[in-house]
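Chain by chain, the residues:
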Amino acid sequence: MVFNAEALKHLKRMQREGLSPDAVTFVCSLKACGCIGAIAQGIELHNDIEKVGLLSNVSLGTSLIEMYTKCGSHEKAQAVFN
């Protein structure tokens with residue numbers, strides 16, 4: 001669990017330093033959110049993914065569905081799937 005929180009902490013640091021996450025960084029961050037139930041941060045990541053135009057990425061879509069499901073938001077998972 002500590003590893004997942006650290007991963008999200010490093011993502012925030014990257015963003016503060018002006019580095020843009022790529023699809024792999026987003027996938028790893030979404031997995032971390034799902035593991036620790038950080039749905040608020042997962043929603044932020046979902047918004048960031050939309051802003052940079054990566055929502056059509058299949059791996060990201062799958063990771064979003066998994067994150068929302070693990071966090072108990074089955075409606076949002078279904079919306080992403082649709």
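The rules behind these values
Residues numbered from 1 in each chain as written. Predicted model: local features only at pLDDT ≥ 70, side-chain atom pairs only at ≥ 80, totals over all residues. Heavy atoms only, no water. Helix = DSSP H or I, 4+ residues; strand = E, 2+ residues; numbered from the N terminus. Buried < 20%, exposed > 50% of the residue type's maximum accessible area, 1.4 Å probe, protein only. Contact = heavy atoms within 4.5 Å. Axes fitted to C-alpha atoms, helices over the stretch in contact; angles between N-to-C directions. Parallel < 35°, antiparallel > 145°, perpendicular 65-115°, else oblique. Left-handed = near helix turned anticlockwise from the far one by under 90°. Nonpolar A, V, L, I, M, F, W, Y, C, P; charged D, E, K, R; others polar.

Caption draft 1: Summary view of the side chain of His46. Along the chain, His46 turns up in helix H3 (residues 39-51). Relative accessible area serves as the criterion here: at 12%, His46 is assigned to the buried category. Non-local contacts of His46, meaning those with residues more than four positions away in its chain, are made with Leu55, Leu64, Tyr68 and Val80.

Caption draft 2: Expanded view of the packing of helix H1 (residues 2-16) against H3. One way to put it is that H1 packs onto H3 with a least axis distance of 13 Å and a crossing angle of 40°. With respect to each other, H1 and H3 are oriented oblique. Viewed along their axes, H1 and H3 form a crossing whose handedness is left-handed. Facing H1, whose interface residues are Leu8, Leu11, Lys12 and Gln15, H3 presents Gln41, Glu44, Leu45 and Asp48. Its residues placed into classes, the contact of H1 with H3 shows three nonpolar, two polar and three charged.

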